[in-house]
Amino acid sequence: MASTDDVSRKREKLERYPPGHDDRDVFLFNLADALYERYLNDGEIDDLNEAVTLYRAALELRPVENDTYRRSTSLNDLARCLSVRYDYQGAVDDLEEAITLARGALELRPPGHLHRNVTLCNLADALRKRFQKQAVMHDLDEAIELHRAALELLPSGHHYRSASLHQLAFCLSNRYENRGGVDDLDEVVTLRRAELELCPRGHPVHGESLHNLACDLRRRFAKMAAIRDLEESIVLLRPALELRPSGHPQRFSTLHELALCLSNRYDKLGTVDDLEEAIMRGRAALDLRPPGHANRDKPLHHLACDLRKRFIKQAAIRDLEEAIELHRAASELRSSGHPDRSSTLHELAFCLSKRYVTLGGVDDLHEAIKLGRAALEFRPSGHANRSESLHNLACDLRRRFAEQAAISGLQEAIELLRPALELRPTGHPDRSSTLYELAFCLSNRHDKQGLIDDLEEAITLGRAALELCPIGHPDRGAVLYILACNLWKKFQKQADMPELHRADFPDQAVSMICPSSRADVASSLFELSLHLWDQFQKQATMTDLDDAICLATYALELRLPHEDVSITRWVQRLAQGANPDEPVMLVQVADNLCVLVNCHRARFQTQHTIADLNEAITLYQHMLQLRPTGHPNRASSLHDLAQCLAERFRQQTAAADLDRAIALEQEALELLIRGDPGYDMSRRCLTAYIQMKINSQVAMTSPDPSGVTHFDIEQVIRNVAFETLRTAPTRLLHTPTGILCSRDAQVSHFMRSQQCKRLMSLCTTCDRAQQMGLIQASVSRYFLYITLSHRWGEGEPLLRDIEGRVIYDMPVRGGFRKLQAFCAVACELDYLWAWSDTCCIDKHSSAEVQETIGSMFVWYRKSALTIVYLSDISDTGSLGTSEWFRRGWTLQELLAPRTVLFYTQNWSLYKNLTSSNHKMDAAVLEELERTTRIESRFLTNFSPGMDDARSRLQWASLRRTTRPEDIAYSLFGIFNLHLPVLYGESAEDSLGRLLTEIISRSGDISVLDWVGEASSFHSCFPAHITSYETLPSPRPPPNAEEQTSTRSQKLSSFKELRNLTTSFLLQFPSRSLIPSSITPGLRMRSPDSYAPSDVYDFHSLNRVPLPRFLNRCLILPCIAHRVTAVQLTGEDPSGPSYRYKIQAYGLRPLQIALPDRLENATISQGALQLVRPWHSKGQSAVLDAASEEQLLLTLERPFNALLLTELPHSQHKRIASSTLITAQPINRASILKCKARIFSIV
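Just so you know, these numbers come straight off a predicted model, no measurement behind them.

Novice: Any chance you could explain the overall build of the protein here in plain terms?
Specialist: In terms of helices and strands, the protein carries 49 helices and 17 strands. Put simply, the protein has 1242 residues, and 51% of those count as buried. Put simply, the protein shows about 57100 Å² of open surface, and 50% of that area lies on carbon and sulfur atoms.

Structure, rendered in structure tokens:
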């Protein structure tokens, strides 16, 4: 550290070396160093300014041609001083000059220079400062790359390594804050961990390292919600706080961070101790930021938020009062223009709103609205927290409407809630609260203005909110109550009240105009469900039954006390008589359960949905708990439950159900005597159940297969039907009726059909083996289905449009006409079942969409017929002009089916052809070949898989999809791959995942054979599938006349190379199997263990491992040819296109065309390679001269090469070309000298 005496001494020395002296630069530099050191010690800006002046003078005396070492040092130190002066004074010119000087120093300190790491860090630091000033991301990206390079020059154990880790983590943290890339944040955490290991306990910055890692873990928790990150953050902050005792300048930041983490953990886990400690730590942090401190606003704000949370938890009004006072103080410190003013205004408004709800002070509500509007102005469209401000302001406006009945406030609340709902899409944690609030507002507006549309929308929104609030959710009660009230209002308007079967119901209806309690709503909904049940019994309208179930369910739940989280627990408590006030509920609950169970049983008998039967069984079990031994109705409940269990046994053949049914009927009979109502019924049912059990045991154990009962045959038929449908589409259209059927409904159709009755009759006359053959044949024949392939148009019917309706009765418009005609054609062709991708899929279910895309190829393959509807082809039109042949999804719909018929726009057969399969018609087949460029053998007998992958990609290259990512998804079935469907990802990512899987599974390198723009997913993959269109033929190589016709005219593409080499590489001898870089005496390794440094000569090519992917990195074996010379021969920037003449080791000179100019550094540093990807099965046998000659002939041919450039860490990247790169070895000698290497390509 320089002292004043040291500065004086160095001034005296400088005076002895006047201008013109050879060594004056040294003493100028030394005095500048001393002044800079004194500045660091005393902070006098005059010392820093003089140091800058002296460094400049020294630099002028050190030209680059004299002494690069001294000049680079002057450049570096002057840049450092200017950067420090920028920190003090903020002059941008200083920062710009610092960056320029640091770049100059870096040029004079090339790789290998002793002090290169220092200049890398200085330049990176200056670029980071410029980024913070100007927000240009390029500066930050460059700073990160420079810090990475500096870190590589600081090996483990280097005393500056921890500081370098810290700086790199700081830059990555800045980039995460700007771009939100999780990879950056993950790397920050990794670097912080490494920094902490280098700064163990006792190290001067151990506390700082603990604190920084904890902060980044909390930020990752905020992004990813992984509680382990938050737990670790808290664990790290406690020792960090111990290392920062009272009086430590950084104690506040650790206290504040620990309070934040504890508050976050309370939000996640609800542990009150965390909240209490967060408040305690927050108060301690606030004490360290007294009034007047620049950063007092933060602890004020966060302490107020925690006090507000404690108020919500414990309802202590003093906490809310204190929170309001703290927020007011924070708002004064966060004046207009402060970046966090909106959050303080928002929180203060929220607290005032809570105080209004608690104490009723209207002034609080008015101020909350005023502050909410101000907060909203600071959160314009695109702001991350705009939805929160919209929602809360709307809530306060709705409260003011309730207070003052001013409709304008309610109108504004509704207008605010609609965009808030759009900002809280499906999956957002607060979507349910906005749905509820909007439903509440619409309900209020209906009460005020009587608009039925408001009530309908309120009910729809209420149902959606209820689905997001399962039983046990804290908001479910409020949501259910509002929904129930709205349903009652709706039925009040629609129902014919005098027709209700209960005489006292009109009085209850009047009492429900303004419902006063949950009990009132529950009672009225229950009465209404009874009315709907009666109406269903008279008219058999399924809508009435569905509504009855819905209302009875809501009524039962509204009676649920707050302390019970489920109906099961509540019923158990009622049955035990735990509360002396609750027995009055027993009758009401039992009646409610009785209606609900009857409805579920009726719906099961109508629709055969097993879920209804299961629900009925659960409800009967609840009823039994409410009807203990001695209850007059216990016997009937036992009997009803037994009936349901027996029915479930018939459906699913679970022996436990039948045993339980028998035990229940036995108990019922013990409670009855002859002559009692129900005695004979229970006795007959018990006998039937026992016989069912005997028959089922005989079917399982009898050695005589002929003794099969009627019951066994029916169950076997049902099981075979479900098994047959397992690989068919989930829903099918029943063509005679035009109704969409689930699998249960499809099986029910068959079980009621004449075909089934005839089958059961035949089965009684033959043995088990013959029975199974008959059953399987009959079931398969009955469930033959046909599929529709078409181009989607306007107004296509979706699942919700036709579910529960007859399609033949629907309006003839848009896609409905097409669907009706398709089903009519199917029925005319004698097919009972049909499938269309428009209405037979629930496109709102991501799981069903995933399953459909994974199964669609199989569904088309298993269909009895696929009808292709060409809506744009007239009777006289040509097949090939249809847009159908240019759509992505229709490729698999052409290849998968074995039988296809083409129909024109008026639903006539194409060219009136009468053949049963147009794929087998010679004229049509020829036209298909010409249109699709697919050989007839694939059109008529296509097998899904990864054979000839390049050709399959070429077939799809001219096709398009509405959603870009679908072009890859549409090929999953063609390649027989099952990959996740991630709608929203880019087309490059979806195609990249597909190509990665193809190479990983098959090793097929032919997919690398493309020309065009490279993908951001991987440099070896194209950005667009159009890059796989037919490639142009290569021009003959130079001196072609010296080669045989076979050698000179035929190109070795990647596909040909794999096919040709596999056969004769099988014959290589074991003596030649060792890579040239491996000692022959060593034990051989498995292919996965080969390192990128392994090199293989001509005689060991058959031992090269297969290509594969590892962590998005392509491990690709290649015959490598290092580029030795590059010359730019022409350019067309408007293209853009740059033509180069290339010379590479072992290859003849060649011309290439690139879309981007090669960087000079890439050319000068010898980073380019021309490579020939290699594929080998790696087997061996006896080698003979003929096999070696055949391999040489193959390697002599021109081939499609890849141009690679070297990156750090021994990785490479492919440089995309505008045309094929056609290369050819010089001669056989160069081939024998060639080496194959393993490249890691990103």
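Novice: Honestly, helix α25 (residues 542-558) in this entry has me stumped. Any pointers?
Specialist: What sets the pattern is the α-helix's 3.6 residues per turn: residues three or four places apart point alike. The first and last C-alpha atoms of α25 sit 24 Å apart over 17 residues, in line with the 24 Å expected at 1.5 Å per residue. The element α25 is extensively covered by neighbouring structure, given that 12 of its 17 residues are classed as buried. Every buried residue belonging to α25 is among Asp-544, Leu-545, Ala-548, Ile-549, Cys-550, Leu-551, Ala-552, Tyr-554, Ala-555, Leu-556, Glu-557 and Leu-558, and all of these are buried.

Novice: Please clarify how the pattern of salt bridges should be interpreted in this entry.
Specialist: It is possible for side chains bearing opposite charge to pair when their charged atoms get close. Here the structure, examined in full by the defined rule, presents 68 salt bridges. A salt bridge links Asp-77 to Arg-80; the shortest N-O distance between them is 4.0 Å. Of this pair, Asp-77 and Arg-80 both sit in helix α4 (residues 68-89), 3 residues apart, roughly one helical turn. For Asp-77, a relative accessible area of 9% gives the class buried. A salt bridge links Arg-175 to Asp-141; the nearest nitrogen and oxygen atoms lie 2.9 Å apart. Here the residue Arg-175 occupies a position in helix α8 (residues 161-179), and Asp-141 occupies one in helix α7 (residues 137-152), the gap between them amounting to 34 residues. Through salt bridges that share partners, Glu-177, Arg-192, Glu-195, Asp-216 and Arg-219 make up one connected network.

Novice: I keep staring at the packing of aromatic side chains and nothing clicks. Help me out?
Specialist: Applying the stated criterion across every chain yields a total of 23 aromatic pairs. Geometrically, the ring pair formed by Tyr-969 and Tyr-983 is edge-to-face, given 5.3 Å between the ring centres and 85 degrees between the ring planes. Taken as a pair, Tyr-969 in helix α43 (residues 966-969) and Tyr-983 in the loop between α43 and α44 (987-1002) lie far apart in primary sequence, 14 residues in all. An aromatic cluster is defined as three or more aromatic residues linked by ring pairs; in this entry it consists of Phe-750, Tyr-782, Phe-783 and Trp-833. Over the aromatic face of Phe-1239 sits the side chain of Arg-1237, whose NZ or CZ is 4.4 Å from the ring centroid.

Novice: What am I meant to see in the sheet that holds strand β5 (residues 865-869) here?
Specialist: The strands that make up a sheet are held in pairs by hydrogen bonds between backbone atoms, and each pair lies either parallel or antiparallel. Sheet architecture is open: 6 strands sit in the order β2-β1-β4-β3-β5-β6, paired in mixed fashion. Two strands close off the open sheet at either side, each with one partner strand: β2 (739-741) and β6 (900-903). Between one strand axis and the next, the sheet turns through 30 degrees on average, direction left out of account. Across 3 bridges, strand β3 (residues 785-790) lies against strand β4 (residues 833-835) in parallel orientation. Looking across to β4, one finds that Thr-787 is bridged to Trp-835. Packed onto the sheet, helix α38 (residues 846-862) meets β3, β4 and β5 and runs at close to 120 degrees relative to β3.

Novice: What is the right way to read the environment of Lys-298 from this model?
Specialist: The residue Lys-298 is located in helix α14 (residues 297-314) in this model. Taking relative accessible area as the criterion, Lys-298 reaches 40% and is therefore assigned partly exposed. Between the C-alpha atoms of Lys-298 and Ala-285, which are 13 residues apart in sequence, the distance is 9.6 Å. Non-local contacts of Lys-298, meaning those with residues more than four positions away in its chain, are made with His-256 and Arg-334.

Novice: Help me understand the pairing of strand β17 (residues 1235-1241) in this model?
Specialist: Remember that side chains alternate between the two faces of the sheet whenever the strand is regular. Here β17 lies mainly inside the structure; 5 of its 7 residues are buried. Where strand β7 (residues 1095-1096) and β17 come together, 2 bridges link them in antiparallel fashion. Residue pairing in the sheet places Tyr-1096 in a bridge with Ala-1236 of β17. Two elements, strand β9 (residues 1113-1132) and β17, share 7 bridges in a ladder whose sense is antiparallel. By the bridge assignment for β17, Ile-1115 is matched with Ser-1240. Examined bridge by bridge, strand β15 (residues 1211-1214) and β17 share 2 bridges and lie parallel to one another. When the sheet's bridge partners are listed, Gln-1211 is paired in β17 with Ser-1240.

Novice: I would appreciate a short explanation of the pairing of strand β12 (residues 1168-1173) in the present structure.
Specialist: The buried fraction of β12 amounts to 6 of the 6 residues, a majority that puts the element mostly inside the structure. Pairing of β9 with β12 involves 5 bridges; the strand directions are antiparallel. Looking at β12, one finds that His-1121 is bridged to Leu-1170. Pairing of β12 with strand β14 (residues 1202-1207) involves 4 bridges; the strand directions are antiparallel. Residue pairing across strands places Gln-1169 opposite Leu-1204, the latter belonging to β14.

Novice: How do you make sense of the packing of helix α16 (residues 341-359) against helix α17 (residues 362-377) when you look at a structure like this?
Specialist: Contact pair α16 / α17: the axes reach a minimum separation of 8 Å and the direction vectors enclose 160 degrees. Considering the angle they form, α16 stands roughly antiparallel to α17. Considering how the two elements wind past one another, α16 and α17 form a crossing that is left-handed. On α17, the residues that touch Ser-342, Leu-345, His-346, Leu-348, Ala-349, Leu-352, Ser-353, Arg-355 and Tyr-356 of α16 are Val-362, Asp-364, Leu-365, Glu-367, Ala-368, Leu-371, Gly-372, Ala-374 and Ala-375. Of the residues assigned to the contact of α16 with α17, the class counts are 11 nonpolar, 4 polar and 3 charged.

Novice: Where do I start with the confidence of the model for the protein in this structure?
Specialist: Detailed reading of the predicted coordinates is not advisable wherever pLDDT is low. The predicted model of the protein averages 84 in pLDDT, with 88% of residues at 70 or higher. A low-confidence stretch, residues 496-515 (pLDDT under 50), is modelled with 27 contacts involving residues beyond four sequence positions or located in other chains. Between residues 698-711, whose pLDDT stays under 50, and residues either more than four places distant or in other chains, the model counts 10 contacts.

Novice: Help me understand the nonpolar core in this model?
Specialist: Of all hydrophobic cores here, the largest spans 116 residues; its most connected members are Phe-902 and Leu-1008. No other element matches the 7 residues that helix α37 (residues 814-828) contributes to this core. Counting 93 residues, the second-largest nonpolar core is a separate cluster that includes Leu-530, Leu-532, Cys-550 and Leu-626.

Novice: Quick question: what am I supposed to make of unusual backbone geometry here?
Specialist: When glycine is set aside, most residues are seen to have a negative phi, and most peptide bonds are trans. One non-glycine residue, Ala-225, lies in the positive phi region at around 65 degrees. Checked against the element boundaries, Ala-225 lands in the loop between α10 (206-224) and α11 (227-242). Take Ala-225: its relative accessible area is 40%, and that puts it in the partly exposed class. Even without being a glycine, His-1209 presents a positive backbone phi close to 65 degrees. Among the structural elements, His-1209 can be located in the loop between β14 and β15.

Novice: Just checking my understanding: could you explain helix α9 (residues 182-198) for this structure?
Specialist: Here α9 is 17 residues long and its end C-alpha atoms lie 25 Å apart, about the 24 Å a rise of 1.5 Å per residue gives. Three or more residues of α9 are buried, namely Asp-184, Leu-185, Val-188, Val-189, Leu-191, Arg-192, Glu-195 and Leu-196. The inward-facing, buried residues of α9 abut α7, α8, α10 and α11.

Novice: Looking at this structure, I do not really get the side chain of Thr-1205. What am I missing?
Specialist: Topologically, Thr-1205 is positioned in strand β14. In this structure, Thr-1205 is in contact with Thr-1162, Ala-1167, Leu-1168, Gln-1211, His-1212, Lys-1213 and Ile-1215, ignoring residues within four places of it in sequence.

Definitions and limits used
Residues numbered from 1 in each chain as written. Predicted model: local features only at pLDDT ≥ 70, side-chain atom pairs only at ≥ 80, totals over all residues. Heavy atoms only, no water. Helix = DSSP H or I, 4+ residues; strand = E, 2+ residues; numbered from the N terminus. Buried < 20%, exposed > 50% of the residue type's maximum accessible area, 1.4 Å probe, protein only. Areas by Shrake-Rupley, 256 points an atom, 1.4 Å probe, with all protein chains shown as cover. Expected span 1.5 Å × (residues − 1). Salt bridge = Lys/Arg side-chain N within 4 Å of Asp/Glu carboxyl O. Phe/Tyr/Trp six-rings, centres within 6.5 Å; stacked < 30°, edge-to-face > 60°. Lys NZ or Arg CZ within 6 Å of the ring centre and 35° of its normal. Pairing = 2+ DSSP bridges. Axes fitted to C-alpha atoms, helices over the stretch in contact; angles between N-to-C directions. Contact = heavy atoms within 4.5 Å. Parallel < 35°, antiparallel > 145°, perpendicular 65-115°, else oblique. Left-handed = near helix turned anticlockwise from the far one by under 90°. Nonpolar A, V, L, I, M, F, W, Y, C, P; charged D, E, K, R; others polar. pLDDT = per-residue confidence, 0-100. Core = buried A, V, L, I, M, F, W, Y, C linked by side-chain atoms within 4.5 Å.

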